[in-house]
Amino acid sequence: MFRINLEKSAICLLLLLLLKSESLPATASNGDRTQFYHNCRQNCERTNCSADGLEIQEQAISFYGQTIFDRIFGWNCADECSYGCMWRTVFAFMERGWPIPQFYGKWPFLRLFGMQEPASVIFSIANFVMHFRMLRKFRESVRSDSPCYMLGHIFGLVCLNGWIWSAIFHTRDFPITELLDYAFAYSIVLCSFYCMLMRMLHRYSLFLRGVITLACVSYYINYFAYLSTGKFNYSFNMKVNIATGVLNAVGWFVWCQRVRYRRPYYKRILRFYVLFALAMSLELLDFPPILWILDAHSLWHLATVPLVPLYYDFLIEDCQTLLKEKEMTGSYSYFNKDI
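Residues numbered from 1 in each chain as written. Predicted model: local features only at pLDDT ≥ 70, side-chain atom pairs only at ≥ 80, totals over all residues. Heavy atoms only, no water.

A few words now on a nonpolar patch on the surface. Residues Ile-68, Phe-69, Ile-72, Leu-112 and Phe-113 make up a contiguous nonpolar surface patch of roughly 490 Å² in combined accessible area. In this structure, Leu-112 sits in the loop between helix H5 (77–95) and helix H6 (118–141). With a relative accessible area of 34%, Leu-112 lands in the partly exposed category. (Patch = residues over 30% accessible without salt bridge, like charges linked within 9 Å, V, L, I, M, F, W, Y side chains within 5 Å. Areas by Shrake-Rupley, 256 points an atom, 1.4 Å probe, with all protein chains shown as cover. Salt bridge = Lys/Arg side-chain N within 4 Å of Asp/Glu carboxyl O. Helix = DSSP H or I, 4+ residues; strand = E, 2+ residues; numbered from the N terminus. Buried < 20%, exposed > 50% of the residue type's maximum accessible area, 1.4 Å probe, protein only.)

Next up on the list: the pattern of salt bridges. In total, this model carries 14 salt bridges according to the counting rule given. A salt bridge links Glu-325 to Arg-203, with the shortest nitrogen-to-oxygen separation between them at 2.9 Å. One end of the pair, Glu-325, is in helix H13 (residues 308–329); the other, Arg-203, is in the loop between helix H8 (175–200) and helix H9 (206–228), and 122 residues separate them in sequence. For the pair formed by Glu-325 and Arg-203, the shared burial category is buried.

For the rest of this paragraph, the subject is the packing of H8 against helix H10 (residues 234–259). The interhelical angle for the contact between H8 and H10, taken along N-to-C directions, is 20°, at an axis separation of 9 Å. Considered as vectors, H8 and H10 are oriented roughly parallel to each other. The way H8 lies across H10 gives a crossing that is left-handed. Residues Glu-178, Tyr-182, Ala-185, Tyr-186, Val-189, Leu-190, Ser-192, Phe-193, Met-196, Arg-199 and Met-200 of H8 lie in contact with H10, whose contacting residues are Tyr-234, Asn-237, Val-240, Asn-241, Thr-244, Gly-245, Leu-247, Asn-248, Gly-251, Trp-252 and Trp-255. By residue class, the composition of the contact of H8 with H10 is 13 nonpolar, 7 polar and 2 charged. (Axes fitted to C-alpha atoms, helices over the stretch in contact; angles between N-to-C directions. Parallel < 35°, antiparallel > 145°, perpendicular 65-115°, else oblique. Left-handed = near helix turned anticlockwise from the far one by under 90°. Contact = heavy atoms within 4.5 Å. Nonpolar A, V, L, I, M, F, W, Y, C, P; charged D, E, K, R; others polar.)

Treat this as a map of the structure, not an account of what it does.
Written as structure tokens, this is what we have:
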């Protein structure tokens, strides 16, 4: 009963996030809409920047004192004006006792070594490192002729790519880095769903698995193309992510229910998704960054780091078990679909 309640709680949390996506921030926020911020930016760019807003005028170079990291990550004069005026607006709000404002849908973050959101960058890199280490452990622990061996590699490589672009986007928010971050973040969600389907169908015909693979790849290419055209729809993208995640979690929960007496290691994947849903609930929170660095989104990235080994440990034990069953029976029969 307790386990079933955990499953229901995890699904409810995911559905709650789906509802929250209705109220995602728009491109404009109370901070950047103020006349104070607008005037500050205009005066700064007119006084300190070249006509195209890229170069800092000679008299203002020492004032901004850009580091080598700022220059490497492309902080031009207009960006410096935006960053400086953001903080002037924040302090003006605080002096009047008003709530901390957001700017273009984001909280104000303290820039560190040229990174716009340093905590999210560091925790994205931490996720990348954890996936890299666990993928290496998977390769060392699982024989290449094991059933579902390739699924572990597909999942690992897709996750590595996704976390690279997460780190890049949180370092500098440009339209192209935003697109690639959101697109490849969804590739992780969709890949998890695909791996769940392939695990359930690994004893079925190659034709059926090939059709499903082609369908998933075609769907992702089409979705990537959709994200690449027109105005980015944050709410719709979140809904698609949560909906895919819910389907994925439900699929694994059904599998756990079916194999709970035959495969005791099912608890690993069950524990992963319950804890993952709890960690994802951080996205329900919305508060100004602690010390102007740690916000709910960065803490969500941090929370996923220790969960990564749970997923790979399940993959390792599952592949090892499937290999033993394969060797015992000689070969899989397509008429034996027991998962």
